[in-house]
Structures are given as C-alpha cells and as structure tokens.
Amino acid sequence: MIRSKSSLRLPPLPTIRDLIKLYRLRALKQLSQNFLMNEKLSDNIVRAAGNIYNHHVLEVGPGPGSITRSIIKKSPSKLILVEKDPRFLPTLQLLRETCQDHLKIDIEIGDIRSYNFEIGFQDVPSCSWYGIPPPIHLIGNLPFSVSTILMINWLHAISEKRAAWKYGRASMTLTFQKEVAERIVAPCGHQQRCRLSVICQLWCDVKIQFIIPGSAFVPKPDVDVGVVTLKPLKYPLTDLPFKMVEKVLRNIFNMRQKYSIKGASRLFPEEMRNELASRMFFIADIDPQIRPTQITNEDFCKLFYAYKVISNDYPEIVDYDSRARKIRNNDNILCSV
Ligand code: SAM
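What counts and how
- Residues numbered from 1 in each chain as written.
- Predicted model: local features only at pLDDT ≥ 70, side-chain atom pairs only at ≥ 80, totals over all residues.
- Heavy atoms only, no water.
- Domains from an automatic or database assignment.
- Contact = heavy atoms within 4.5 Å.
- Buried area = accessible area lost by both parts, 1.4 Å probe.
- Salt bridge = Lys/Arg side-chain N within 4 Å of Asp/Glu carboxyl O.
- Helix = DSSP H or I, 4+ residues; strand = E, 2+ residues; numbered from the N terminus.
- Buried < 20%, exposed > 50% of the residue type's maximum accessible area, 1.4 Å probe, protein only.
- Axes fitted to C-alpha atoms, helices over the stretch in contact; angles between N-to-C directions.
- Parallel < 35°, antiparallel > 145°, perpendicular 65-115°, else oblique.
- Nonpolar A, V, L, I, M, F, W, Y, C, P; charged D, E, K, R; others polar.
- Core = buried A, V, L, I, M, F, W, Y, C linked by side-chain atoms within 4.5 Å.
- Near = heavy atom within 4 Å.
- Polar contact = N/O pair within 3.5 Å; in protein donor to acceptor, adjacent residues only side chain to side chain.
- Areas by Shrake-Rupley, 256 points an atom, 1.4 Å probe, with all protein chains shown as cover.
- Phe/Tyr/Trp six-rings, centres within 6.5 Å; stacked < 30°, edge-to-face > 60°.
- Lys NZ or Arg CZ within 6 Å of the ring centre and 35° of its normal.

Details of the domain arrangement of the protein chain
- What the domain assignment lists for the protein chain is domain 1 (16-232) and domain 2 (242-326).
- Here the C-alpha centre of domain 2 lies 34 Å away from the C-alpha centre of domain 1.
- With 16 residues of domain 1 at the contact, the number on the domain 2 side is 16 residues.
- When domain 1 packs against domain 2, the two sides together hide about 1400 Å² of surface, and 68% of this comes from carbon and sulfur.
- Looking at the side of domain 1 facing domain 2, the largest losses of area belong to R193, R195 and L202, adding up to 39% of the total buried there.
- Across the contact surface, domain 1 and domain 2 share one salt bridge.

In structure tokens:
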C-alpha cells in the first residue's frame, strides 16, 4: 500500500454497487436515501472541504461509504462516521478493518442530532476562535430534510461556540437540494432570499462549490444537489442571541411579499403592535416599507438591535409569540363550540 503525504491508496475493495447488492442495501424511502455512485464526484465533494490531511473528519450519513472512501484517501488523522441506519454497519466495518493500520475510524450508529461532539473531538486541542481554524471538518450527504434542520442546529451551536465549535471555527461541507443551496447563498435582492439565507450568512461564509445532477444518485432524486461549504466567520455579523435573531427573521419573512414592518409588527402584542414596530424601524433607521428580500444582512443586524432595545423596555415581548396566541385563541374557539 502506497501512502504519500496527503493521499492513501485503498487496497482493492468491492465496489459500492457490489456491496449494496451483497448486503441487499435497498435504499429506504422513509430515510430519503440516495447513494452517490460516482467516485469522481465523491472525490470532488471531499476536495471542496479543503485540506483534511491529518485532520479530524466527521462524516454524517456515510451510508455504504462512497464519500467515506474519498475521505480516507486524503489521510485524515481520525474519521468519525455517524450513521442512523444500522444496515450499513458491515460495509463501514469493512472499511475500518481495511484501514486499521493507518487510520482510526469510529463508527457511531445513531442520529447525528444527538451526537456528542465534545467526546468525538476530545483529543483535538482547542484553537482560538480568532486564530487559524481547528483541524476539524464536518462532511455529509444527508437527506435534504435533515440537512436543513441540522444546519440550523449547527448555526445555533456556532453562535454559542459549543459542540464542534468549542474547538474553533470548524468548517462544513454539506449537500442540499439545489434550490435550498441557492437560498443559503442568496444575497440581498435575490429572489431566493429568505430567512435561511440571512441566518447562514450572519454566522458563516457560504459558497456553492458545484452542482451534482440528480442522475448521479441511486435511486435518482427528483432534484439536483448543491454542494455547499460553510465556514464560520471570525467576526459574526451579530452577537445577539440566536433565538432572538431567528424570531425576528421568522416574523419578518413570514410576510415576504409585504412591507417589512407588517411582519415585524407580529413581534409585538396587538395593543402595542403599530407603535413598537414603528419604533423598531425608527431606531434601526430603516425604511419600514422595504420588502424583506431587499434588506441587507447589516440592516437586519440593526433591526435585531432595535428589537433588543425595545425588549429591554418591555421584557414581556421576549416571550410573545403571535402564532402561539392564535393557536390559544383557536383552542378557546374550539372549546366554546
Ligand atoms: N453518504 C452516502 C452517499 O453519499 O452515497 C449516503 C447518502 S444518503 C442521501 C443519506 C445517509 O444519511 C443515509 O445513509 C441515511 O441512513 C443517513 N441518515 C439519515 N438521517 C440521518 C441522521 N439523522 N443521522 C445520521 N445519519 C442519517
């Protein structure tokens, strides 16, 4: 086996296609499984992550292991595989045995959402947030529904510098439905601009690296796939709490076709709605008639700050949720019927 400084040649292994046949790994629809069968594309995904030689890599949802093989070829120092579906254990164990002289591979069968990063990365020395990023990378080709929720959870963790980000600005390379990838990177004024765009861009430098046609997967999904890299910003655009930021964005983008003040007014109880929403835009010095998609990330930060100033004067608005109230009102109506 030849091992150069940055690449490891794997010994002959059955192809992913043969393994899928051998272990009868039919893709499960309920887990939205689509397997990448093209080695060149798996290599490209890993290349998009940048230098991973001698780094710790966590792959989310390795499945039968196509991207895993590409990661191994780049000689990380440790590879953690988190896979929900136990049917893939034998194929992943085969990879682990094949590499045991060169690479430590941890296989975790379970849901990535409950994975404890602080155990997985405990031997990585912490880096200063403001220094060079730590030798940690998160890579994954997840089902689309999971990757968006995971992304939001991870942004929350980034904002609080916990989980994988306790060690510094660990970067991510993840796949999304092409349209979602376009939303993540959509700049101010773009028709795909939405809450997800702003929330990702407040904390990360985001980039679509390339698009993979749906035909590269088995079974073929209905959509193409975007490979996105997210690198936490040294200086996030806001230092306000994630939940507060998310709440302001959710309310404003809930009425994305209307003037921004309309959605923002839902942040406040009905009796003070107009007054406080006007005050919010006045403090932020932003035109209340601007449409949500036209607001820059920086101007959103001024709105978050204005909301914070108002919530200092009216602490009860922090827990106010106009939707919850509507639901409660509906409950009352149902009860009275
Ligand atoms: N990485 C493989 C590839 O590219 O061929 C498989 C990709 S398939 C789209 C998604 C994989 O993520 C499946 O193996 C699935 O079982 C796994 N998965 C789905 N939800 C997961 C979760 N919450 N935590 C960990 N793995 C998950």
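Brief notes about the pattern of salt bridges
- Summed over all chains, the structure comprises 17 salt bridges.
- The salt bridge involving D43 is made with K73; its shortest N-O contact spans 3.0 Å. Highlighted residues: D43 in helix 2 (residues 39-48) and K73 in helix 3 (residues 66-73), separated in sequence by 30 residues.
- Look at D43 and you get buried, because its relative accessible area is 19%.
- A salt bridge links K78 to D106; the nearest nitrogen and oxygen atoms lie 3.5 Å apart. Highlighted residues: K78 in strand 3 (residues 78-83) and D106 in strand 4 (residues 104-109), separated in sequence by 28 residues.
- According to the relative accessible area criterion, K78 is buried, its value standing at 7%.

Focus on the packing of helix 8 (residues 195-203) against helix 12 (residues 297-313)
- Where helix 8 contacts helix 12, the two axes come as close as 10 Å, and the packing angle between them is 90°. By the criterion of interaxial angle, the relationship of helix 8 to helix 12 is roughly perpendicular. Residue-level contacts link V198, Q201 and L202 of helix 8 to N297, F300, C301 and F304 of helix 12.
- Residues that form the contact of helix 8 with helix 12 fall into these classes: five nonpolar, two polar and no charged.

Regarding the nonpolar core
- Formed by 69 residues in total, the largest nonpolar core has its most connected members in W165, L230 and M280.
- Counting contributing residues per domain, this core is built from domain 1 (16-232) and domain 2 (242-326), each supplying no fewer than three.
- Leave out the neighbours within four places in its chain, and L230 touches M151, S171, M172, L174, F176, I184, C200, C204, D205 and V206.

Describing the site of the ligand
- Taken together, 25 residues surround the ligand, and among them Q33, L36, G61, E83 and N141 come closest.
- A distance of 3.3 Å separates an oxygen atom of the ligand from a polar atom in the side chain of S66.
- Here a nitrogen atom of the ligand and a backbone polar atom of K84 are 3.2 Å apart.
- Burial of the ligand by the protein amounts to 99% of the accessible area it has alone, namely 590 Å².
- Where the shell around the ligand is concerned, the elements lending two or more residues are strand 1 (35-36), helix 3 and strand 3.
- Split into classes, the residues belonging to the shell around the ligand amount to eleven nonpolar, eight polar and six charged.

Regarding the packing of aromatic side chains
- Under the counting rule described, the total for this entry stands at twelve aromatic pairs.
- Between the aromatic rings of W203 and F242, the centroid separation amounts to 5.3 Å while the plane-to-plane angle is 40°, which identifies the pairing as tilted. Of this pair, W203 sits in helix 8 while F242 sits in helix 9 (residues 242-253), and the two are 39 residues apart along the sequence. The burial state of W203 is the same as that of F242; both residues are buried.
- Where F268 meets Y307, the ring centres are 6.0 Å apart and the plane angle is 40°; that geometry is what we call tilted. Taken together, the residues F268 in the loop between helix 10 (260-265) and helix 11 (273-284) and Y307 in helix 12 connect sequence positions 39 residues apart.
- Members of the aromatic cluster, joined through ring pairs, are Y115, F117, F121, W154, W165 and Y167.
- Above the face of the F88 ring, R87 is positioned so that its terminal group lies 5.4 Å from the ring centre.
- Positioned above the aromatic ring of W129 is the side chain of K161, whose terminal nitrogen or guanidinium carbon lies 4.8 Å from the ring centre.

What to know about the packing of helix 9 against helix 12
- Where helix 9 meets helix 12, the closest approach of the two axes is 10 Å, and the angle between their N-to-C directions is 110°. As summarised for this structure, helix 9 and helix 12 are arranged roughly perpendicular, according to the angle between their axes. Contact residues: M244, V245, K247, V248, L249, I252 and F253 in helix 9; F300, L303, F304, Y307, K308 and S311 in helix 12.
- Of the residues that constitute the contact of helix 9 with helix 12, the class distribution is ten nonpolar, one polar and two charged.

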